[in-house]
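# Architecture at a glance
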Amino acid sequence: MREFFAYRIQERKDEVPTILSSGRLFQQFLVDGYAMLESSRLKFIRTYQKQLRVDSYKVLADAILHGDIDPSSQGKRIILPSSFTGGARYMVQNYQDAMTICKWAGYPDLFITFTCNPKWPEITRFVESRDLNYEDRPDILNIDRIISAEIPDEVGDPNYYNAVKNLMMHGPCSYAKKSSPYMQNGRCTNHFPKTRPRFAIPLNPTEDSTCNIKKGSPLTKLIVKAKLIIWDEAPMMHKYYFEALDKTLRDILRFKDPSNLDHSFGGKTIILGSDFRQILFVITKGTRQDVMPPNWDGT
């Protein structure tokens, strides 16, 4: 079933993209497909509990040992394995993996996240050529029209402005301003810098682009000291973004160690984050059998 939906939401030159051109109906198709997949996965888990070795979990036996003999409070318990996305064991396993990475490489210094802008030229060309609006194709961009971040007007909403200024904004700290009131023992008490577009990559990078980072700047010093960089939503980025950062880090870190010039990203550990399982293989002129092999793991 997962293969079917993954196949149907792809455009092909020899097919009319009826589903993809249906606007709101396409969104309903995606929601219904997700509901069907989740229902199918839950049915599989409920049916094959023995194969999942749920007998190793303590359920009724422990209840009897603790003196709880009321069967109406027990029922039949269904165990969700860690392979079920969003389940309790799934979250715990991801947490343990993250803590293992932090134990090995240290806590991340930078967390980079990108969200598509519907005004990007490539997105505008794509939707206009199909007589659609950008909200009709949520599969090509990630937009939240409800949540926004803005500073209230100082004159029109002075109370909200002061609240945001005093409680929700953070001034320069760390290497940018060591005298900041947020600094204690050489560290920011709020653990900044956090999520920010730190690397100043050009909006429309080319194969020759580099990051706008000056040598000797506070950001340069932070990069040199950083042990781990996490790049969220990495699959949404064009390769020129990675190439720009790669060239910049090589250039910055070669002054610390000349051999860094020959290492990817100057030898820094970069973790590319996202749900890579949502991305199909890219095979030039590939058939359905090439893109969706028979041994595809649907879970």
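This text follows the structure it describes.
For the structure given in this document, a descriptive report is provided here. (Residues numbered from 1 in each chain as written. Predicted model: local features only at pLDDT ≥ 70, side-chain atom pairs only at ≥ 80, totals over all residues. Heavy atoms only, no water.)

Strand order in the open sheet formed by 3 strands is β1-β4-β5, with parallel pairing between adjacent strands. Because the sheet does not close on itself, it has two edges, and the strands there are β1 (110-112) and β5 (269-272). Going across the sheet, the axis of each strand differs from the next one's by a mean of 20°, ignoring polarity. (Pairing = 2+ DSSP bridges. Helix = DSSP H or I, 4+ residues; strand = E, 2+ residues; numbered from the N terminus. Axes fitted to C-alpha atoms, helices over the stretch in contact; angles between N-to-C directions.)

Before going further, it helps to spend a moment on the side chain of N260. Structurally, the position occupied by N260 is in the loop between α8 (239-253) and β5. A polar side-chain atom of N260 sits 3.0 Å from the main-chain carbonyl oxygen of L253. If sequence neighbours within four positions are ignored, N260 has contacts with R250, L253, R254 and G266. (Polar contact = N/O pair within 3.5 Å; in protein donor to acceptor, adjacent residues only side chain to side chain. Contact = heavy atoms within 4.5 Å.)

Glancing now at a nonpolar patch on the surface. Taken together, the side chains of Y95, M99 and Y107 define a hydrophobic patch exposed on the protein surface, amounting to about 380 Å² of accessible area. Relative to the assigned elements, Y95 resides in helix α4 (residues 88-105). (Patch = residues over 30% accessible without salt bridge, like charges linked within 9 Å, V, L, I, M, F, W, Y side chains within 5 Å. Areas by Shrake-Rupley, 256 points an atom, 1.4 Å probe, with all protein chains shown as cover. Salt bridge = Lys/Arg side-chain N within 4 Å of Asp/Glu carboxyl O.)

The next point concerns helix α2 (residues 24-47). The terminal C-alpha atoms of α2 lie 35 Å apart, and with 24 residues this matches the ideal 34 Å at 1.5 Å per residue to within 8%. Listing the buried residues of α2 in full gives F26, G33, E38, R41 and I45. Of the surrounding secondary structure, the elements contacted by the buried residues of α2 are α1 (2-8). (Expected span 1.5 Å × (residues − 1). Buried < 20%, exposed > 50% of the residue type's maximum accessible area, 1.4 Å probe, protein only.)

Turning to unusual backbone geometry, a few remarks are in order. Note: most residues except glycine have negative phi, and most peptide bonds are trans. Backbone geometry at D131 places phi at a positive 55°, although glycine is not the residue there. Topologically, D131 is positioned in the loop between α5 (121-128) and α6 (158-167). Positioned with a positive phi, F265 is a non-glycine residue whose angle comes to about 55°. Relative to the helices and strands, F265 is located in the loop between α8 and β5.

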